[in-house]
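# Structural overview for review
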Amino acid sequence: MARKLVSGNQAAGHTLAVAGEANREARGCICGAYPITPQTEIIEFLRAYEFTKGRVVPVESEHSAMAVCMGGSLAGARSVTASSSNGLAYMTENVFAAGYYRLPIVMIAVNRTLGPPWNIWVDQGDSLMLRDAPWLQFYTESHQDLVDTILLAFRVAEDPRILLPAMVAMDGFVTSHTQMGVDLPEQELVDRFLPHCIVPHRLRSDHPTTIGGLTWPKETEHHRIEIQRAMERVPEVLAEAISEFEEIFGRRPHGLLSAEHTEDADVILVASNSMARTLRGVVESRREAGEKIGMIKAKTFRPFPREAFESAVGKTAKVGVLDRNHSPGSGGIFWQEIVTSLRNQPDTMVQDYLVGLGGGDVTPEILHEIVDDLISRSKSVEPVWKEVASR
Amino acid sequence: MNVVPLNMNANCDTTCDPVLRAGNTNCAGCGMSIGLQWFSEVFRDSKPILAIPACCGIVTAGAFPTSAYSVPIAATTFASAAAVATGLRSVALMNTEENVTVCWAGDGGTYDIGLATLSAAAERNEDIIYICYDNEIYGNTGGQRSSATPEGVVTSTTTSGKSERKKDIMAIMAAHHIPYAATLSVAHREDFIRKLEIAKKTKGFRFLLMLSPCPTGWKSEPEDGVDLIRYAVRCGLFPLYEVYDGDRYRINVERDQTSIEEYITRQRRYTKGSILAEELTQLIDARWQKLKRIVRAFPADDNKV
Ligand SMILES: Cc1ncc(C[n+]2csc(CCOP(=O)(O)OP(=O)(O)O)c2C)c(N)n1
Ligand code: SF4
């Protein structure tokens, strides 16, 4: 195993490349590439990579980047791309189309604030804007988590029981531009882990079909139900993929979520992406001080693992959700999902904290303050803005 | 519950001949129907795969689970045909597959919303044949203006006649230095077929512009379509010409004494008096002078092309 000190973007670029290369004896790999900070290094990495059977197309927009991926996937290739922020917003129409076509495209979303006004720092409003698209979504806390999750994403997305595209998110700059030691997956192991990509409904001249034409309400209902059913199969398929991953790579990535110290906890904090790492430090230190605190790292966002949340929270009295995103007029988006998940647990109080929006630095001190606040509350209120940047 | 395949693939049970079969939903007299028949003649053995954006060209397939098309079709988002085709063609090439990737798009998907995608695919010189059937209107959404709608024409969003001029998409495509660009007329079968043959032989990006009679949008009689296009070519409104590599031009049919009146009086989209025949004739004269100057300066060598 090659342990390397690399940035999150390099780690993602490498992993997409070896995954694409792993399809060289099948129908190859295709990528539509368009730059945007903080994702750009990923597509630069892919452009420079020498695929045995692959092409990285330098397109004129994210809308076309996804369109090239769709064309590639409709022709049966493994398809990858990456984007951020306004790039994802611009791509949106084709993001939905890719899912409705049931194409197992894998995209890296490097989370960045939407604008204007322009702000390149981390905020999850971009990928979460796409929460209603027929895509799997995974949020990753570290470079290793990122790399492993990308490989899992291919496995699950391309599984014949799923056939949906998958998005793997990381924090802009905090993860994308910092370096960490990573076990970068070697080609030979990835070749073993990833079967050839098979798009069963790909366009072929010997069996002509029209894909994406007109449908009536009845067929559309079936189509949407099929997508929901596929989403419901993800936990099972993901669990299988993780077991095989462990056999091949010797480590076990998190799946739907990671519940830590939750069994006896009085309060549980929920966080995603790199904030989960900061939170872990805070929880460990308060545990050492004897406080019954637990945490959940939210990893799989689509499908949203409601049952897993329900059982991880159990009878815990207080849950605090850390949201680095904001749905104006409502609140944090993870919070909405978690409240829905806990709808049958009326004794659990769920409080939302909007924290680190627009890239404000979320330090351990801030998380300590949030823990204190949560402990002091007996009743939840509207989402609390925890301003960090103006301090 | 009926078993619906996992994906919205509509099936057809015969293979490529013709590409667009009976039972399609094109209006009677639609230029697309002729264009696709002739396309079938030239490409029947070439395994064409079509990327079709939102437009009448995809609606005509009919509703799932059947399709009037006998070849593989990717129904793409409105702006994306040339990019989806890029992906399809790239994978075919890397797998050394013998097939032809074609975009079949309306003027909305070509001149307007899809222009950036088209331009980028042309600039990359993708190995694609892009055919625009230009009915000079958004037909599918009920007849609104596009930037291909000519001056004077009444549409549902230019109710007293369009005041802007039609965009010169051929000049735009020629400016991309693509190997081949040509205009097609459904009234000039030999020329049409010959150009398809050239497109078939050529590698790289090929752009074909077909003026497509649209009785519904043009408010003309279905049986008049071919005559209308003949008048358009003869009076000089729609010159038939070719451009090689963006810099070698050839006019295929010279204009004659046919009056523009023949053309405009048989379409009610022109008959609100928003543009006079004299004004149109002046515009045509000016355009021809320009085209002639270009052809004289940059002729296609007949021995070479
Ligand atoms: C992004 C987007 N905007 C708008 C539409 C609605 N729409 C569908 S077809 C069409 C017009 C198509 O016109 P054209 O390309 O000229 O083809 P025609 O219908 O005339 O064959 C429009 C506006 C759409 N499908 N997608
Ligand atoms: S509206 Fe015009 S382009 Fe569309 S099918 Fe009818 S005739 Fe053809």
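Residues numbered from 1 in each chain as written. Chains lettered and ligands numbered in written order. Predicted model: local features only at pLDDT ≥ 70, side-chain atom pairs only at ≥ 80, totals over all residues. Heavy atoms only, no water.

### Details of the overall build of chain B
Tallying secondary structure elements over chain B gives 11 helices and nine strands in all. The C-alpha extent of chain B, read off along each of the three principal axes, is 60 × 50 × 30 Å. The burial tally for chain B puts 62% of its 305 residues in the buried class. Put simply, 70% of the contacts in chain B that link residues at least 6 apart link residues at least 24 apart. Summing over all exposed atoms, chain B offers an accessible surface of approximately 11800 Å²; the carbon and sulfur share of this is 52%. (Helix = DSSP H or I, 4+ residues; strand = E, 2+ residues; numbered from the N terminus. Buried < 20%, exposed > 50% of the residue type's maximum accessible area, 1.4 Å probe, protein only. Contact = heavy atoms within 4.5 Å. Areas by Shrake-Rupley, 256 points an atom, 1.4 Å probe, with all protein chains shown as cover.)

### As for the site of ligand 1
Around ligand 1 sit 17 residues in total, of which Gly 108, Tyr 133, Asn 135, Gly 139 and Asn 140 of chain B are the nearest. Near ligand 1, the surrounding residues belong to chains A and B. Take Cys 56 of chain B: an N or O atom from its main chain is 3.0 Å from an oxygen atom of ligand 1. At 3.1 Å, a backbone N or O of Gly 109 of chain B approaches an oxygen atom of ligand 1. Broken down by element, the residue count for the shell around ligand 1 peaks at three residues, all from helix H4 (residues 107-112) of chain B. Residue composition of the shell around ligand 1, grouped by class: eight nonpolar, seven polar and two charged. (Near = heavy atom within 4 Å. Polar contact = N/O pair within 3.5 Å; in protein donor to acceptor, adjacent residues only side chain to side chain. Nonpolar A, V, L, I, M, F, W, Y, C, P; charged D, E, K, R; others polar.)

### Here we look at the packing of helix H9 (residues 273-288) of chain A against helix H12 (residues 364-376) of chain A
All names here are of chain A. Between H9 and H12, whose axes approach to 9 Å, the crossing angle comes to 65°. Where H9 crosses over H12, the two elements pack in a sense that is right-handed. Residues Met 275, Thr 278, Leu 279, Val 282, Ser 285 and Arg 286 of H9 lie in contact with H12, whose contacting residues are Pro 364, Leu 367, His 368, Val 371, Asp 372 and Ile 375. Here the residues of the contact of H9 with H12 are counted per class, giving seven nonpolar, three polar and two charged. (Axes fitted to C-alpha atoms, helices over the stretch in contact; angles between N-to-C directions. Left-handed = near helix turned anticlockwise from the far one by under 90°.)

### Looking at the site of ligand 2
Around ligand 2, the surrounding shell consists of Asn 26, Cys 27, Cys 30, Cys 56, Asn 135, Cys 214, Pro 215 and Thr 216 of chain B. Looking at the shell around ligand 2 residue by residue, the classes come out as five nonpolar, three polar and no charged.

### Quick look at a positive patch on the surface
All names here are of chain B. Positive charge collects at one region of the surface, where Arg 165, Lys 290, Arg 293 and Arg 296 lie side by side. Along the chain, Arg 293 falls in helix H11 (residues 277-297). For Arg 293, a relative accessible area of 53% gives the class exposed. (Patch = residues over 30% accessible without salt bridge, like charges linked within 9 Å, V, L, I, M, F, W, Y side chains within 5 Å. Salt bridge = Lys/Arg side-chain N within 4 Å of Asp/Glu carboxyl O. Lys, Arg positive; Asp, Glu negative; His and termini not counted. Charge placed at Lys NZ, Arg CZ, Asp CG, Glu CD.)

### Examining the interface of chain B and chain A
A common way to report how large an interface is uses the accessible area buried once the components associate. Counting residues at the interface gives 47 residues for chain B and 46 residues for chain A. Joining chain B to chain A, the criterion identifies two salt bridges. Across the salt bridge formed by Glu 126 of chain B and Arg 55 of chain A, the nearest N and O atoms sit 2.8 Å from each other. If you list the elements that add at least two residues to the side of chain B that touches chain A, you get strand E1 (9-11), helix H2 (56-59), strand E3 (73-75), helix H3 (81-94) and helix H5 (115-123) of chain B.

### Details of empty space enclosed by the protein
All chains considered together, the criterion is met by one cavity of 30 Å³ or more. There is about 50 Å³ of room inside the largest cavity. Every residue lining the largest cavity is counted, 12 residues in all, and those nearest its centre are Thr 210, Gly 213 and Leu 214 of chain A together with Ala 10 and Phe 64 of chain B. (1 Å grid on protein atoms, 1.4 Å probe; cavity = no way out; pocket = protein on both sides within 12 Å on 5 of 7 lines; lining within 4 Å. Points joined across faces, edges and corners; volume = space filled by probe spheres on them.)

### Observations regarding helix H7 (residues 189-201) of chain B
Residue and element names in this part refer to chain B. Compared with an ideal rise of 1.5 Å per residue, which puts 13 residues at 18 Å, H7 spans 18 Å between its outermost C-alpha atoms and is within 8% of the ideal. Among the residues of H7, Asp 191, Phe 192, Ile 193, Lys 195, Leu 196, Ile 198 and Ala 199 are the ones counted as buried. Tucked into the core, H7 has its buried residues touching helix H1 (31-43), strand E5 (129-134), strand E6 (180-185), strand E7 (206-211), strand E8 (240-244) and strand E9 (248-253). (Expected span 1.5 Å × (residues − 1).)

### Structural notes on the environment of Ser 311 of chain A
Residues and elements named next belong to chain A. By secondary structure assignment, the location of Ser 311 is in helix H10 (residues 306-313). Looking at Ser 311, the relative accessible area reads 58%, which means it is exposed. Spatially, the C-alpha atom of Ser 311 lies 9.7 Å from that of Ala 259, the residues being 52 residues apart in sequence. Within polar-contact distance, the side chain of Ser 311 engages the backbone oxygen of Ala 308 at 3.4 Å.

### Section: the environment of Met 94 of chain B
Examined against the element boundaries, Met 94 of chain B turns out to sit in helix H3. Ignoring anything within four residues of it in the chain, the contact list for Met 94 of chain B reads Arg 27, Gly 28, Cys 29, Lys 53, Gly 54 and Arg 55 of chain A.

### Description of the packing of helix H6 (residues 143-158) of chain A against helix H8 (residues 217-249) of chain A
Helix-helix packing is described using two parameters, namely the angle between the two axes and the distance between the axes. Residue and element names in this part refer to chain A. Relative orientation of the contacting elements H6 and H8 amounts to 125°, with a least axis distance of 10 Å. As judged from the angle between their axes, H6 and H8 are oblique. In this structure, H6 crosses over H8, and the sense of that crossing is right-handed. Here H6 contributes Asp 148, Leu 151, Leu 152, Arg 155 and Val 156 to the contact with H8, which in turn contributes Val 234, Val 237, Leu 238, Ala 241, Ile 242, Glu 244, Phe 245 and Phe 249. Its residues placed into classes, the contact of H6 with H8 shows 10 nonpolar, no polar and three charged. (Parallel < 35°, antiparallel > 145°, perpendicular 65-115°, else oblique.)

### Comments concerning the side chain of Thr 149 of chain B
Tracing the backbone shows Thr 149 of chain B in the loop between E5 and helix H6 (169-174). With near-sequence residues (within four places) excluded, Thr 149 of chain B lies in contact with Glu 136, Ile 137, Thr 155, Lys 162, Glu 164, Arg 165 and Lys 166 of chain B.

### Observations concerning the domain arrangement of chain A
All names here are of chain A. Splitting chain A by domain gives domain 1 (2-249) and domain 2 (257-390). Taking the mean C-alpha position of each, domain 1 and domain 2 sit 27 Å from one another. Across the boundary between the two partners, domain 1 contributes 32 residues, which contact 23 residues of domain 2. For the domain 1 face of the interface with domain 2, the top three residues by lost area are Arg 131, Tyr 139 and Glu 141, together amounting to 33%. Taken together, domain 1 and domain 2 are joined by five salt bridges. (Domains from an automatic or database assignment. Buried area = accessible area lost by both parts, 1.4 Å probe.)

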